[in-house]
Amino acid sequence: MASKNIHHVYQSANNLLLIYAVLSATLQLAFLKTAPLFRPEDILEASQSHCLVLFPEEALADDLSKKLLHLLADVSFTNESSVLLGSIKFHYFVWPNGKALELPNEIEIENSILIIKRAQQDRTCLLVPNLKTVTPSPLYVTFRSSNGLVPVETVVTHINGYCHTFRTKTGVLNTAGIHREHILQNLYQTSKTEQPTSCMKPDNIKNEQDSTQYYCEQNTDFRSHQKYLKNKSRNTYKECERIPAPSSFQFFHEYVSLSKPVIITNATYHWKAFKKWTNDFLRQKYGDRQVHIKMTPDGIYEGVEPITLWEDYKSLTIPKSVQEKLLFSDLVVVRPASMEIKFSEFLDLMENISEGRVKDMSAYLEYSSISDYFPELAEDITEMDFFLNVLELKHLNIWLSDGNTLGKLHFDPFDNFLCQISGEKHLLLYEPHDNTKLYEAHIQEAKLSYDAATHTFHRKTLLESTSMVMSPVDPADPNFERFPKFAEVEPLSCKIQAGDVLFMPAFWWHEVQSKPNTTEHRNLAVNFWYEPFLTKEFPCQECKLDMNPKYYHLL
């Protein structure tokens, strides 16, 4: 019996050793897959889409270093697709442009990890970048001292900070990461168009309300649905929520963090600007000041139209590599004509337009910096009490016109408080969560010319620059044959009057129709542009909103 027991124990031990060997081989295989050796050219390519955490090969001579790399690669960041771990040969390391890897004097390479940020793609330029000229600047993190390895938590914290990740040493999301995930999973979305349960033939449709029957579940007719959306009245769109001034807590958690537009009613009537900023006051105070105004023949600003309407469209040559990246090479964004003029002359022109003495012309002082042109006016307005010290203010602008202007469909990369002082603005807002439906892209620009002698506008100047924030779709007359996905969007209708403030989160598409007030026949507004709480790369149709790293401390 004893000999049999000894045999079983011996056999069990062999089995355990075999299992251990298999597990070790499996782990080693996983390790090799997740921690490869990177050459300089590999780093440049991989850093276009990933953050890299690299151990110098010299540092992997001992088991402690291997153990740390193994833990980071296969535990802490095994579920983090944005991070790649591996090793490099530091000695003889040379970038493709001939430069050596920079090493600060105080760094001991055999005790340090190199972290290389994901390269921020330059989406502003359509020319192909030369990766050989790129030399990333690594962050060096000491992971070993004379006392042994530093705590794993410390290394993970450095990686999180530099790679914009939110992992613990065990690989799960930390508290900030959980909060971020909650925010991104609960972003506000406008409701989808409801599909009626019964069908009606088009010739039975008698009014706008009945036209919802165009689109039916039993026999879906996409073209009919497109026709319904094209003919739909603004009065039938879902409207922006309207609220009184909220608390800071409510506003941040119910609107800012959700990227949800909202109108705060009667929020600015206490401003001095409401009684003080008459045309007479502005003329007397700033009449001699030079301002930069924009002009169009019809009040439409930044519309998109065929390039063939422009006189010199055949003579402009664009590099083939750029031309191929223009999704809509037959279209241009029409920038308004511009003029440097005394502010008093602009006010005279604005009044002459509004009273009909000047026709076929619109003049607009748009997004003009108050600090640059009228710094004293900043004393007459204040930021929202419920938003003070939350986000970083980037720009404070004034908008003034005769009131009959239309800003075509575009987005702004700022969180926006649009504050109406006189007149009204009617806005259509489209959510930014799937910009394939808005056809976000680079679109070539063109600029109107104005002949002051003949008071005429001309389409002469095609530009080599492109717009990155305009949609090629015209909401008033959408071409569903060319832009079929636009039929899937449902806008918010937002109307603001004097005293109202519209919070419009960054990257929400919007078209703005301004209307004058009945006394001074003008439209006057100011807006606060803030560093956005949620941001995205652009132009990029598939890029999603994400937390702005500048506000990670709020998580």
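Going by the structure above, here's the rest.
Basis of the calculations
Residues numbered from 1 in each chain as written. Predicted model: local features only at pLDDT ≥ 70, side-chain atom pairs only at ≥ 80, totals over all residues. Heavy atoms only, no water. Pairing = 2+ DSSP bridges. Helix = DSSP H or I, 4+ residues; strand = E, 2+ residues; numbered from the N terminus. Expected span 1.5 Å × (residues − 1). Buried < 20%, exposed > 50% of the residue type's maximum accessible area, 1.4 Å probe, protein only. Polar contact = N/O pair within 3.5 Å; in protein donor to acceptor, adjacent residues only side chain to side chain. Disulfide = S-S within 2.5 Å. 1 Å grid on protein atoms, 1.4 Å probe; cavity = no way out; pocket = protein on both sides within 12 Å on 5 of 7 lines; lining within 4 Å. Points joined across faces, edges and corners; volume = space filled by probe spheres on them. Right-handed = clockwise from strand over helix to strand, strands pointing away. Axes fitted to C-alpha atoms, helices over the stretch in contact; angles between N-to-C directions. Parallel < 35°, antiparallel > 145°, perpendicular 65-115°, else oblique. Left-handed = near helix turned anticlockwise from the far one by under 90°. Contact = heavy atoms within 4.5 Å. Nonpolar A, V, L, I, M, F, W, Y, C, P; charged D, E, K, R; others polar. Phe/Tyr/Trp six-rings, centres within 6.5 Å; stacked < 30°, edge-to-face > 60°.

Taken in spatial order, the nine strands of this open sheet run β8-β9-β23-β18-β25-β16-β15-β10-β14, and their pairing is mixed. Whereas interior strands pair on both sides, the edge strands pair on one side only; in this sheet they are β8 (242-243) and β14 (337-342).

Moving on: helix α3 (residues 63-76). With 14 residues, α3 should reach 20 Å at 1.5 Å per residue; the first-to-last C-alpha distance of 18 Å fits that figure. For α3, the complete set of buried residues consists of Ser 65, Leu 68, Leu 69, Leu 72, Ala 73, Asp 74 and Ser 76. The opening residue of α3 is Asp 62, an N-cap whose side-chain oxygen sits 3.0 Å from the backbone nitrogen of Leu 64.

Each disulfide consists of a covalent bond between the sulfur atoms of two cysteine residues. Under the defined criterion, the tally for this structure stands at three disulfides. Two residues share a disulfide in this structure: Cys 540 and Cys 543, whose sulfurs sit 2.0 Å from each other. An S-S torsion of about 75 degrees defines the bridge between Cys 540 and Cys 543 as right-handed. The exposure class of Cys 540 is buried, given its relative accessible area of 2%. In this structure Cys 543 comes out as buried when scored by relative accessible area, which is 14%.

What follows is about the layout of surface pockets. Taken as a whole, the largest pocket encloses approximately 1,200 Å³ of empty space. Residue lining of the largest pocket: 41 residues in total, with Arg 118, Gln 120, His 164, Glu 537 and Asp 546 positioned closest to the centre. Those elements that place two or more of their residues in the lining of the largest pocket are α4 (152-163), α5 (175-185) and β27 (546-547). By residue number, the principal contributor to the lining of the largest pocket is α5, which donates three residues. Its volume calculated, the second largest pocket comes out at about 660 Å³. Among the elements of the structure, β15 (362-369), β16 (393-401), β17 (406-410), β18 (415-422), β19 (424-430), β21 (456-467) and β24 (509-515) are those that each provide at least two residues to the lining of the second largest pocket. For the lining of the second largest pocket, the element with the most residues is β17, which contributes four residues.

A regular strand places its side chains on the two faces of the sheet in alternate fashion. Within strand β2 (residues 83-88), five of the six residues are buried, which leaves the element mostly enclosed by the surrounding structure. Pairing of strand β1 (residues 51-56) with β2 involves six bridges; the strand directions are parallel. Residue pairing for β2: Leu 54 is matched across the bridge by Gly 86. Between β1 and its parallel partner β2, the chain crosses via α3, and the hand of that crossover is right-handed.

Before going further, it helps to spend a moment on the packing of α3 against α4. In the contact formed by α3 and α4, the axes pass within 12 Å of each other and the chain directions differ by 60 degrees. When the axis of α3 is compared with that of α4, the two are oblique. The element α3 and its partner α4 pack so that their crossing is right-handed. The residues of α4 that touch α3, namely those facing Leu 68, Leu 71, Leu 72 and Ser 76, are Val 152, Val 155, Val 156 and Ile 159. Here the residues of the contact of α3 with α4 are counted per class, giving seven nonpolar, one polar and no charged.

Take empty space enclosed by the protein next. The full count for this structure, using the stated rule, is two cavities of 30 Å³ or more. Taken as a whole, the second largest cavity spans an internal volume of roughly 40 Å³. Lining the second largest cavity, in full, are Val 256, Ser 259, Asp 415, Phe 503, Pro 505, Ala 506, Leu 534 and Leu 545.

One pass over the structure, following the stated rule, counts 36 aromatic pairs. Ring centres 5.1 Å apart and planes at 70 degrees place the aromatic pair Phe 251 and Phe 503 in the edge-to-face group. Placement of Phe 251 in helix α7 (residues 248-256) and of Phe 503 in strand β23 (residues 501-504) is noted, with a sequence separation of 252 residues between them. By relative accessible area, Phe 251 is classed as buried at 1%. Relative accessible area serves as the criterion here: at 0%, Phe 503 is assigned to the buried category.

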